[in-house]
Amino acid sequence: MKLLNYTSAYFAGILLIVITIWAGIFYYAMLDEIYDSIDDGLDNQKGLVIQKAAVDTTILQKNYFDERGYAINEILPSAALNFQDRYIDTMMYKENENSEEPVRLLTTVLLYKERYYKLQVATSMVEEDDLARQLFYSIFWLYIGLVTTIILFNNFLLKRIWRPFYKLLKQLKAFNLNKPVPLHTSPTKVDEFILLNETIQKLLHRNVEIYT
């Protein structure tokens with residue numbers, strides 16, 4: 001395997017590990033942001049329902065879910081004491097989809113004229129399977145694009161940088177002590193190649209003298 005291809009293979013392997021770790025971190029960070037945004041929306045919707053209930057008390061009798069996405073049920077004071085808002089992921093039947101769909105559900109308690117009511121507010125939730133699938137395809141094509149870029153980079157730029165080395169290697173293969181021919185090294189700004197050229201020149205000169 002050529003040095004450039006060997007380097008490309010290493011880069012591709014390292015890139016795969018880095019992108020996999022990055023994708024996992026990004027996925028959970030994105031889920032956290034989605035949950036924060038949805039929960040903020042549920043809080044806002046809860047406030048709107050409470051405001052409407054203060055004006056229209058018939059809302060307090062709405063004990064089923066419909067397209068408005070909330071339901072209210074009266075509960076005993078004992079059940080309302082020390083109650084804290086709960087956010088959960090669950091499934092709910094959607095008529096427009098005619099199937100069970102994932103939703104984010106907020107359950108809270110409100111007090112109206114010394115009577116306690118349990119308020120449940122629901123909103124549609126992104127399906128994690130679909131999200132993970134889309135992220136996988138995006139990361140996959142990103143990886144292919146980066147690996148392709150690395151290969152093109154190696155074949156065009158790095159091959160040009162390594163040209164003095166391959167030229168020197170070609171002359172060394174053809175070198176013969178019976179008919180010594182001076183090596184013609186290419187000008188380069190790479191310190192390692194300059195040192196290699198000087199070392200090879202000295203080594204060959206000494207070998208020719210010894211052979212002579």
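Relevant structure appears above.
Residues numbered from 1 in each chain as written. Predicted model: local features only at pLDDT ≥ 70, side-chain atom pairs only at ≥ 80, totals over all residues. Heavy atoms only, no water.

Caption draft 1: Highlighting the side chain of D39. Relative to the assigned elements, D39 resides in helix 1 (residues 3–55). Apart from the residues lying within four places of it in its own chain, the contact partners of D39 are Y87 and R104. (Helix = DSSP H or I, 4+ residues; strand = E, 2+ residues; numbered from the N terminus. Contact = heavy atoms within 4.5 Å.)

Caption draft 2: Geometry of the packing of aromatic side chains. All told, the structure shown has six aromatic pairs when counted by the stated rule. Aromatic pair F140 and W141: ring centres 5.2 Å apart, planes at 75 degrees, arrangement edge-to-face. For F140, a relative accessible area of 35% puts it in the partly exposed group. Seen in terms of ring centroids, F165 and Y166 are 5.5 Å apart; in terms of plane orientation they differ by 70 degrees. Their pairing is edge-to-face. The partly exposed category is assigned to Y166, whose relative accessible area is 31%. Here K62 stacks its cationic end above the ring of Y64, 5.3 Å away from the centre of that ring. Lying across the ring of Y70, K62 places its NZ or CZ 4.3 Å from the centre. (Phe/Tyr/Trp six-rings, centres within 6.5 Å; stacked < 30°, edge-to-face > 60°. Buried < 20%, exposed > 50% of the residue type's maximum accessible area, 1.4 Å probe, protein only. Lys NZ or Arg CZ within 6 Å of the ring centre and 35° of its normal.)

Caption draft 3: Representation of the sheet that holds strand 3 (residues 99–112) within the structure. Spatially, the four strands line up as an open sheet ordered 1-4-3-2, and their pairing is antiparallel. Each of the sheet's edge strands pairs with one partner strand only, and the pair in question is strand 1 (70–75) and strand 2 (86–94). Adjacent strand axes in the sheet meet at a mean angle of 35 degrees, parallel and antiparallel pairs treated alike. Here strand 3 runs beside strand 4 (residues 115–124); their pairing, made up of 10 bridges, is antiparallel. Pairing of Y112 across the sheet is with R115, part of strand 4. (Pairing = 2+ DSSP bridges. Axes fitted to C-alpha atoms, helices over the stretch in contact; angles between N-to-C directions.)

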